[in-house]
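Each chain is listed here by its residues.
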Amino acid sequence: NAGVTQTPKFQVLKTGQSMTLQCAQDMNHEYMSWYRQDPGMGLRLIHYSVGAGITDQGEVPNGYNVSRSTTEDFPLRLLSAAPSQTSVYFCASSRSLAGVGETQYFGPGTRLLVL
Amino acid sequence: GNSVTQMEGPVTLSEEAFLTINCTYTATGYPSLFWYVQYPGEGLQLLLKATKADDKGSNKGFEATYRKETTSFHLEKGSVQVSDSAVYFCALHSGGSNYKLTFGKGTLLTVNP
């Protein structure tokens, strides 16, 4: 199993550009999520999905879109990049999140710099 | 709402020293508690977890006990190694239809030879 994969590893954007961060998992997990990690802020939830066709907002959803057309893939779209979106983005998955003690599996991250 | 507070870092220790990273939480109901570790340049991975009061999670020499009376889940290791240098995150999940894992801000640990 490859686990959770993310592409690209690093990206530089100009303000106003759009891009898609890719995330895929091969563990048949129902639940997938996107976090951003900023210094001193820990991890903050952007969007999550509890299954194909079902998505919902997390703590910091503004400026990001998601969709979940398959169980495996959960792309994150930046509609019009802003310097405040400079961050490290992590995708995570788990069998579900309603169960007791479910473990989340994280991808290696995408480092994004918006100029 | 749910929240997790962990001790501010960075923490710098010499090899073989004793490690404690404090974590306290606020949550409704009976949450599951986790410690995740992030090694340099990598994503987070589960270190250990506990799902009910008085449970002890353990892995790789690390331990943490779920203390409901003090709402704490402190991480300990008796003898740290250079390879333990990483960022450690305490987290909780309150279960049910709450699909959010709440993280602390992370504690950077550096172990010197």
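Owing to the predicted nature of the structure, the values given are computational and were not obtained by experimental measurement.

Draft legend 1. Structural view of the packing of aromatic side chains. Counted by the stated rule, this structure contains 11 aromatic pairs over all chains. When the centroid spacing of 5.7 Å and the interplanar angle of 80° are considered together, the rings of Phe106 of chain A and Tyr36 of chain B count as edge-to-face. Placement of Phe106 of chain A in strand 10 (residues 105-106) and of Tyr36 of chain B in strand 5 (residues 32-38) is noted, with the two residues assigned to different chains. Through pairs of rings, three or more aromatic residues link up here, namely Tyr35 and Phe106 of chain A together with Phe34, Tyr36, Phe89 and Phe103 of chain B.

Draft legend 2. Structural detail: the nonpolar core. The biggest cluster of nonpolar side chains holds 26 residues, and the ones touching the most others in it are Leu19, Trp35, Leu47, Leu48, Phe73, Leu75 and Tyr88 of chain B. For this core, the secondary structure elements donating two or more residues are strand 2 (11-14), strand 3 (19-21), strand 4 (23-26), strand 5, strand 6 (44-50), strand 8 (62-65), strand 10 (86-93) and strand 12 (107-112) of chain B. Per-element tally for this core: the top contributor is strand 10 of chain B, with four residues. Judged by nonpolar contacts, the second largest core, of 18 residues, contains Ile46, Val66, Leu76 and Tyr89 of chain A.

Draft legend 3. Expanded view of the sheet that holds strand 8 (residues 76-78) of chain A. Residue and element names in this part refer to chain A. Read across the open sheet, the four strands follow the order 1-3-8-7; overall the sheet is antiparallel. Across the chains shown, the open sheet's two edge strands, defined by having one partner strand only, are strand 1 (4-7) and strand 7 (64-66). On average, each strand axis in the sheet is inclined to that of its neighbour by 20°, with strand direction left out of account.

Draft legend 4. Main features of the interface of chain B and chain A. On the side of chain A, 23 residues touch chain B, which itself brings 22 residues to the contact. Between chain B and chain A the total buried area reaches about 1,700 Å² when both faces are included, carbon and sulfur atoms providing 61% of it. Along the contact surface separating chain B from chain A lie zero salt bridges. Run the count over chain B and chain A and you get three residue pairs in polar contact (both at pLDDT 80 or more). Elements with a minimum of two residues in the side of chain B that touches chain A: strand 5, strand 6 and strand 10 of chain B. A class-by-class count of the residues in the side of chain B that touches chain A yields eight nonpolar, 10 polar and four charged.

Draft legend 5. Representation of unusual backbone geometry within the structure. Along the chain, Thr7 of chain A connects to Pro8 of chain A via a cis peptide bond; the corresponding omega equals -5°. Put simply, Gly9 of chain B and Pro10 of chain B share a cis peptide bond, and its omega is -10°. Note that Pro10 of chain B resides in the loop between strand 1 (3-6) and strand 2. Phi is positive for Asn28 of chain A, which is not a glycine, with a value near 60°. The topology assignment puts Asn28 of chain A in the loop between strand 3 (19-25) and strand 4 (31-38). Overall, Asn28 of chain A belongs to the exposed group, its relative accessible area being 60%.

Draft legend 6. Geometry of a nonpolar patch on the surface. Residue and element names in this part refer to chain A. Among the surface-exposed residues, Phe10, Val12, Leu113 and Leu115 lie close enough to one another that they form a single nonpolar patch of about 360 Å² accessible area. With respect to the helices, strands and loops of the structure, Val12 is situated in strand 2 (residues 10-13). For Val12, a relative accessible area of 38% gives the class partly exposed.

Analysis parameters
Residues numbered from 1 in each chain as written. Chains lettered and ligands numbered in written order. Predicted model: local features only at pLDDT ≥ 70, side-chain atom pairs only at ≥ 80, totals over all residues. Heavy atoms only, no water. Phe/Tyr/Trp six-rings, centres within 6.5 Å; stacked < 30°, edge-to-face > 60°. Helix = DSSP H or I, 4+ residues; strand = E, 2+ residues; numbered from the N terminus. Core = buried A, V, L, I, M, F, W, Y, C linked by side-chain atoms within 4.5 Å. Buried < 20%, exposed > 50% of the residue type's maximum accessible area, 1.4 Å probe, protein only. Pairing = 2+ DSSP bridges. Axes fitted to C-alpha atoms, helices over the stretch in contact; angles between N-to-C directions. Contact = heavy atoms within 4.5 Å. Buried area = accessible area lost by both parts, 1.4 Å probe. Salt bridge = Lys/Arg side-chain N within 4 Å of Asp/Glu carboxyl O. Polar contact = N/O pair within 3.5 Å; in protein donor to acceptor, adjacent residues only side chain to side chain. Nonpolar A, V, L, I, M, F, W, Y, C, P; charged D, E, K, R; others polar. Patch = residues over 30% accessible without salt bridge, like charges linked within 9 Å, V, L, I, M, F, W, Y side chains within 5 Å. Areas by Shrake-Rupley, 256 points an atom, 1.4 Å probe, with all protein chains shown as cover.

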